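Spelled out, the chains give:
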Amino acid sequence: MSALRPSPRSGILEIQAYVPGKSAVPGGRKIYKLSSNETPLGPSPLAIEAYRGLADALEIYPDGSATRLREAIATRYGLDPARIVCGNGSDDILHLLAAAYVGPGDEVVFTEHGFLVYRIATLAAGGRPIVVAETNYTADVDAILAHVTPRTKIVFLANPNNPTGTYLPFDEVKRLHAGLPSDVILVLDGAYAEYVRRNDYAEGLELVATSENVVMTRTFSKIHGLANLRIGWCYAPADICDVLNRTRGPFNLNGAAIEAGIAALADTAHLEKSVAHNSKWIAWLEHELTALGLSVTPSVGNFILIHFPSVAGKSAAEADAFLIANGIVVRDVKSYGLPNSLRMTVGSEEANRLVVETLRAFLSKSAAHA
Ligand SMILES: *Cc1c(COP(=O)(O)O)cnc(C)c1O
């Protein structure tokens, strides 16, 4: 037997495999899953119907270019369909960008509490993650620019960011872009863009349209409620679309995803209902959780970062265990460098009220112990 074994490229074994939000609690009882930023309203009924419509054609390959979905997206946002590339979730696009533009020794910049996939995609491509400190749980443009070097290939920015829920006003995004060399790609990840209700926010279409080095990524997993089907897309300069189209899987979207995505986009009433539900309940949650004495980071997404005191009896880990024992699953964000915080997704009215009541019980229980 040879002593040699296959070994991966350097960097691969530094990757901590992505751990998704938990979905089960012991005992098999009813649970409220608020751990993966999934919408409590579910997808549009039209999307479900379109998905079912594919059941009779499973032996047929899908349209590898997802042409009708790209056209539907283009119509909805006023874009050129040739500059849209779809992915098996937007994670697919993030990985494709890193794989095509980052090589061994190249640097990829993202922020301290940035989305974990940026690190994974960077290491998988052989690149070096350059992690930049945030200010007040928010990306800091000057700090990011200070970390750009001649080896930088990509800057990843989720706007709004997950798991913090904070965002950069569009003026700041433009200032970031203006400070980058023109051969560095700025990826604006707009996974939560539809939820944002701020006059100074923009998802970045204008920057993509007017530059050669900005890519905006989007997903159908969050507000459209189609996480299970894996549909993402990007709007990018023609040269970058060409690269992604050469390297992506030839059938990276399945036919059911294509049809459901088209139907979801058409149901603007469902989208508006989802935004209204979120805006109402995120404000309520911020108010109620603050009234309990917890601090929360103001969020423009569909989730909220809750900070716990790092004292025994009241810690985030103990709150997490108490919530789980009561059928509520939120996201532990230790892997995001936030050991004293938990992220909860805005849920149904029933779930939101239950979280607040359960945390009230948790805090008064630990107060009694103290
Ligand atoms: C959820 C999320 C995504 C999208 O994931 P999909 O692969 O499209 O399901 C991308 N970026 C951020 C910041 C997210 O939170």
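Bear in mind that the values here come from a model prediction, so they are computed numbers and not experimental data. (Residues numbered from 1 in each chain as written. Predicted model: local features only at pLDDT ≥ 70, side-chain atom pairs only at ≥ 80, totals over all residues. Heavy atoms only, no water.)

A. A look at the nonpolar core. Judged by nonpolar contacts, the single largest core of 47 residues is most densely connected at L69, I73, F220 and W233. In terms of residue count, helix α9 (residues 255-266) provides more of this core than any other element does, seven residues in total. Discounting chain neighbours no more than four positions away, the residues touching L69 are C86, F220, I231, L253, I258, G261 and I262. In terms of nonpolar packing, the next biggest core, distinct from the first, is built from 30 residues, V117, A158, A236 and L244 among them. (Core = buried A, V, L, I, M, F, W, Y, C linked by side-chain atoms within 4.5 Å. Buried < 20%, exposed > 50% of the residue type's maximum accessible area, 1.4 Å probe, protein only. Helix = DSSP H or I, 4+ residues; strand = E, 2+ residues; numbered from the N terminus. Contact = heavy atoms within 4.5 Å.)

B. Layout of the site of the ligand. Lining the immediate surroundings of the ligand are 13 residues, of which D189, Y192, T219, S221 and K222 lie closest. The side chain of N162 places a nitrogen or oxygen atom 2.8 Å from an oxygen atom of the ligand. Measuring from an oxygen atom of the ligand, one finds a side-chain N or O atom of T219 at 2.5 Å. For the ligand, whose unbound accessible area comes to 390 Å², protein coverage reaches 94%. Spatially, the ligand is embedded in the largest pocket. (Near = heavy atom within 4 Å. Polar contact = N/O pair within 3.5 Å; in protein donor to acceptor, adjacent residues only side chain to side chain. Areas by Shrake-Rupley, 256 points an atom, 1.4 Å probe, with all protein chains shown as cover. 1 Å grid on protein atoms, 1.4 Å probe; cavity = no way out; pocket = protein on both sides within 12 Å on 5 of 7 lines; lining within 4 Å. Sits in = over half its atoms within 2 Å of the grid points.)

C. Just helix α11 (residues 316-325), in detail. Of all the residues in α11, the buried ones are A316, A319, D320, L323 and I324. Seen end-on, α11 carries its buried residues on one side only, within an arc spanning 135 degrees. Opposite its buried face, α11 presents the exposed residues A317 and A325, each directed more than 90 degrees away. The positive-phi residue at the C-terminal boundary of α11 is G327, with phi of around 85 degrees. (Arc of directions from axis to C-beta.)

D. Geometry of helix α6 (residues 170-179). Looking at α6, one finds that the buried residues are F170, V173, L176 and H177. Viewed along the axis of α6, the buried residues span an arc of 115 degrees, placing them on a single side of the element. Exposed side of α6, more than 90 degrees from the buried face: D171 and A178 are the residues found there. On the buried face of α6, the contacting elements are α5 (141-146), β5 (152-158), β6 (185-189), α7 (205-209) and β7 (214-219).

E. Seen up close, empty space enclosed by the protein. Enumeration according to the criterion identifies five cavities of 30 Å³ or more in this entry. Empty space within the largest cavity amounts to approximately 90 Å³. Around the largest cavity, the lining is made up of 16 residues, and of these T111, A139, L157, A158 and N161 lie nearest the centre. Elements supplying a minimum of two residues to the lining of the largest cavity: β3 (107-111) and β5. With three residues, β5 is the largest single contributor of residues to the lining of the largest cavity. Within the lining of the largest cavity, the residues separate by chemical class into nine nonpolar, six polar and one charged. When its volume is computed, the second largest cavity comes out at roughly 50 Å³. (Points joined across faces, edges and corners; volume = space filled by probe spheres on them. Nonpolar A, V, L, I, M, F, W, Y, C, P; charged D, E, K, R; others polar.)

F. Quick look at the domain arrangement of the protein chain. Splitting the protein chain by domain gives domain 1 (12-36 + 269-368) and domain 2 (45-267). The centre of domain 1, based on its C-alpha atoms, is set 26 Å off from the matching centre of domain 2. Listed as interface residues are 28 residues of domain 1 and, on the opposing side, 30 residues of domain 2. Between domain 1 and domain 2, a total of about 2500 Å² is buried, with carbon and sulfur atoms accounting for 67% of that surface. Looking only at domain 1, the three residues that lose the most surface to domain 2 are L271, V300 and Y336, adding up to 28% of its buried area. The interface formed by domain 1 and domain 2 includes zero salt bridges. Connecting domain 1 to domain 2 are seven residue pairs in polar contact (both at pLDDT 80 or more). Sorting the residues of the side of domain 1 that touches domain 2 by element identifies α10 (268-291) and β10 (303-307) as the ones contributing at least two each. If one sorts the elements of the side of domain 1 that touches domain 2 by residue count, α10 sits on top with seven residues. Here the residues of the side of domain 1 that touches domain 2 are counted per class, giving 13 nonpolar, 13 polar and two charged. (Domains from an automatic or database assignment. Buried area = accessible area lost by both parts, 1.4 Å probe. Salt bridge = Lys/Arg side-chain N within 4 Å of Asp/Glu carboxyl O.)

G. Structural view of the sheet that holds β3. Across the sheet, seven strands lie side by side as β2-β8-β7-β6-β5-β3-β4; this open sheet has mixed pairing. Two strands in the sheet have a free side with no partner beyond their single neighbour: β2 (84-87) and β4 (128-132). Neighbour to neighbour, the strand axes of the sheet diverge by 20 degrees on average, direction disregarded. Where β7 and strand β8 (residues 232-235) come together, four bridges link them in antiparallel fashion. The residue of β8 that forms the bridge with T219 is G232. Strand contacts of helix α3 (residues 90-101): β2, β5, β6, β7 and β8, with the helix running at about 155 degrees to β7, the strand carrying the most contacts. (Pairing = 2+ DSSP bridges. Axes fitted to C-alpha atoms, helices over the stretch in contact; angles between N-to-C directions.)

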